[in-house]
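Here's the letter readout for the chains.
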Amino acid sequence: MTRDEQIQAPRQPTDDAERFLPVAAPALIGNEKAYVLDCLETSWISSNGSYISRFETAFAAFCGVKHAIAVCNGTAALHVALLGMKVGVGDEIIVPTLTFVATANAVAYCGARPVFVDCEPDTWNMDVTSIEELITPRTKGIIVVHLFGHPVDMDAVWEIANRHNLFVIEDAAEAHGAEYKGRRVGRLGHIATFSFYGNKIITTGEGGMIVTDDDILANTMRQIKGQGQDPNRRYWFPMLGYNYRMTNIQAAIGLGQLEHIDWHLARRREIAGWYREELEGRSGLRLQMEQPWARSAYWMNSVVIGERSRLSRDEIITALEKRGIETRPFFYPMHTLPMYSELATGRAFPVAESCAARGINLPSSADLTRADVARVSRTLLELIGDNR
Ligand SMILES: *Cc1c(COP(=O)(O)O)cnc(C)c1O
């Protein structure tokens, strides 16, 4: 099933006459429509227009950083961030193996090599303790991924990065508004990148953002995403650039979403609490454990199925689908994909492999009700054979 099908799945009555629950659907509860209409009525529909700068300014303020640069998607944001850090052929970049493919691909776009790290069992985030042994003279930086909205232990990452003079990029595509020790993600690395794909915490349809406090880096990255054009000399291209611009229409949707992000985050937190009440400690299920120093953005509510489950992970997903509950398996670890497997020969990733093989992302849209969460949980527990 493609990601588009997942987020656009219609809400129709199913066999048991209950509404279809998608994994993730956008909640357009604010000024999105009015702002888009404004773009159309004023004919500012391309990549100039006031919504771009309004969205960038508001997003920078939200993250507590100086600069935000809107781009066409989160993958492009990562690519530009790496180019901003001058990553090129022969460089090695440390990335978690349990992530969406874009994290590794952006490294490959630069001709550099992703070096994969296993995850740790509580948050399923990159196991920071195994980074250091992977560092070579070619290592330039680390991309941390705040998986499913849970922040990475950044002090531990910085300790290593500082010792080895490495850059740190946050792939915060899944974690808008998450906090590490009271500080929002987005200002915890040299650069952070976000995605506004339709299933993310807030959306622009397709879109992305790059944020940083570094003035020089911000100028360079702005130039790279705009074909490399010299900001003071039209049609003069002193460097190789890309057309990675966002449109004013996308930014209009994004601004409408961002105005209500506190609502989105509060709803997600409430829903995660309900899942915890229903599922924590039941029949060998493991949930993503929010750490004492963390405030997750709860992009996805997820479980790892225990060894004694009556049905396999894939059987559970199929059975839930039949009852109108869409779920999805965890990402395949990057080191298992054909294009990256050679980079990881001889190394073991036991935690990522076992989580990925047994993990399920549950319906997590911001508009879920208490009854929806009870229904998903009840059905899941029944399928794994929990009859408490
Ligand atoms: C969604 C996602 C991306 C890519 O974002 P797009 O906007 O789809 O290009 C990158 N990294 C992670 C971890 C993601 O979940």
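Residues numbered from 1 in each chain as written. Predicted model: local features only at pLDDT ≥ 70, side-chain atom pairs only at ≥ 80, totals over all residues. Heavy atoms only, no water.

A word on the pairing of strand E12 (residues 301–304). Burial along E12 is two-sided: Asn-301 and Val-303 facing one way and Ser-302 and Val-304 facing the other are all buried. One ladder, built from two bridges, connects strand E10 (residues 286–287) with E12; its direction is antiparallel. For Leu-287, the partnering residue across the bridge sits in E12 and is Val-303. Where E12 meets strand E14 (residues 359–362), four bridges bridge the pair, whose relative direction is antiparallel. Looking at the pairing, Val-304 lines up with Gly-359 of E14. (Buried < 20%, exposed > 50% of the residue type's maximum accessible area, 1.4 Å probe, protein only. Helix = DSSP H or I, 4+ residues; strand = E, 2+ residues; numbered from the N terminus. Pairing = 2+ DSSP bridges.)

Our focus in this paragraph is unusual backbone geometry. Glycine aside, residues mostly have negative phi angles, and peptide bonds mostly take the trans form. The phi dihedral of Lys-86 falls on the positive side, at around 60 degrees, and the residue is not glycine. Structurally, Lys-86 is set in the loop between helix H4 (74–84) and strand E2 (92–96).

Before going further, it helps to examine the state of the cysteines. Linking two cysteines covalently via their sulfur atoms produces the bond known as a disulfide. The full count for this structure, using the stated rule, is zero disulfides. Of all cysteine sulfurs, the one in Cys-72 lies closest to Cys-110, which takes part in no disulfide; the gap is 15 Å. Cys-355 carries a free sulfur, and the closest cysteine sulfur to it, the one in Cys-119, is 4.6 Å from it. Cys-355 gets classed as buried once you look at its relative accessible area, which sits at 1%. (Disulfide = S-S within 2.5 Å.)

As summarised here, the arrangement of the four strands in space is E10-E12-E14-E13, forming an open sheet in which the pairing is antiparallel. Edge positions in the sheet fall to E10 and strand E13 (328–329), since each of these pairs with one other strand and no more. With respect to the sheet, helix H11 (residues 350–358) is in contact with E12 and E14, its orientation differing from that of E14 by roughly 50 degrees. (Contact = heavy atoms within 4.5 Å. Axes fitted to C-alpha atoms, helices over the stretch in contact; angles between N-to-C directions.)

Under the counting rule described, the total for this entry stands at 14 aromatic pairs. With centroids separated by 6.2 Å and ring planes inclined at 80 degrees, the aromatic side chains of Trp-124 and Phe-148 adopt a geometry described as edge-to-face. Taken together, the residues Trp-124 in the loop between strand E3 (113–117) and strand E4 (139–145) and Phe-148 in the loop between E4 and helix H6 (154–164) connect sequence positions 24 residues apart. For Trp-124, a relative accessible area of 1% gives the class buried. Note on Phe-148: relative accessible area 1%, which makes it buried. Ring pairs connect the aromatic residues Phe-55, Phe-59, Phe-62, Phe-194 and Phe-196, which therefore count as one cluster. A cation sits over an aromatic face here: Arg-54 above Tyr-35, 5.5 Å from the ring centre. Residue placement shows Arg-233 over the ring face of Trp-236; its charged tip is 4.1 Å from the ring centre. (Phe/Tyr/Trp six-rings, centres within 6.5 Å; stacked < 30°, edge-to-face > 60°. Lys NZ or Arg CZ within 6 Å of the ring centre and 35° of its normal.)

So, on to a nonpolar patch on the surface. A surface patch of nonpolar side chains, amounting to about 270 Å² of accessible area, comprises Leu-37, Leu-40 and Ile-45. Within the secondary structure, Ile-45 sits in the loop between helix H2 (32–42) and helix H3 (50–63). (Patch = residues over 30% accessible without salt bridge, like charges linked within 9 Å, V, L, I, M, F, W, Y side chains within 5 Å. Areas by Shrake-Rupley, 256 points an atom, 1.4 Å probe, with all protein chains shown as cover. Salt bridge = Lys/Arg side-chain N within 4 Å of Asp/Glu carboxyl O.)

This paragraph deals with the sheet that holds strand E1 (residues 67–71). If you walk across this open sheet you meet the seven strands as E1-E9-E8-E5-E4-E2-E3, and the pairing is mixed. Looking at which strands have only one partner, the edges of the open sheet turn out to be E1 and E3. Averaged over all pairs of adjacent strands, the angle between strand axes in this sheet comes to 25 degrees, irrespective of strand direction. Strand direction decides the pairing type here: E2 and E4, joined by three bridges, are parallel. Within E4, the residue paired with Glu-92 across the bridge is Thr-139. Seen against the sheet, H6 touches E4 and strand E5 (167–171) and runs at an angle of roughly 150 degrees to E5.

Bringing the site of the ligand into the picture now. Of all residues adjacent to the ligand, which total 15 residues, the nearest are Thr-75, Asp-171, Glu-174, Ser-195 and Lys-200. Contact distances for the ligand include 3.5 Å between an oxygen atom and a side-chain N or O atom of Asn-73. Within the side chain of Ser-195, an N or O atom sits 2.7 Å from an oxygen atom of the ligand. About the coverage of the ligand: the protein hides 97% of its 380 Å² of free accessible area. Of all elements in the fold, only H4 and helix H5 (101–109) reach the threshold of two or more residues within the shell around the ligand. Partitioning the shell around the ligand into residue classes produces four nonpolar, seven polar and four charged. (Near = heavy atom within 4 Å. Polar contact = N/O pair within 3.5 Å; in protein donor to acceptor, adjacent residues only side chain to side chain. Nonpolar A, V, L, I, M, F, W, Y, C, P; charged D, E, K, R; others polar.)

Our focus in this paragraph is the pattern of salt bridges. Under the defined criterion, the tally for this structure stands at 19 salt bridges. With a closest N to O distance of 4.0 Å, Glu-307 and Arg-358 form a salt bridge. Of the two residues, Glu-307 is situated in the loop between E12 and helix H10 (313–322) and Arg-358 in helix H11; the sequence distance between them amounts to 51 residues. Residue classification places Arg-358 among the partly exposed positions, given a relative accessible area of 24%.

Here the protein chain averages 95 in pLDDT, and 95% of its residues register 70 or above. With pLDDT under 50 throughout, residues 1–16 is counted as low confidence; its partners more than four residues away or in other chains account for 33 contacts. (pLDDT = per-residue confidence, 0-100.)

Let us look at the side chain of Asp-91. Here Asp-91 is to be found in the loop between H4 and E2. Those residues in contact with Asp-91, other than ones at most four positions away along the chain, are Lys-86, Ala-112, Arg-113, Arg-138 and Lys-140.

Moving on: the pairing of E4. The side chains of a regular strand alternate between both faces of the sheet. In terms of residue burial, E4 counts as a mostly covered element, since six of its seven residues are buried. Both E4 and E5 contribute to a ladder of five bridges, which runs parallel. Of the residues in E5, the one forming a bridge with Val-145 is Asp-171. Note on the crossover from E4 through H6 to E5: the handedness is right-handed. (Right-handed = clockwise from strand over helix to strand, strands pointing away.)

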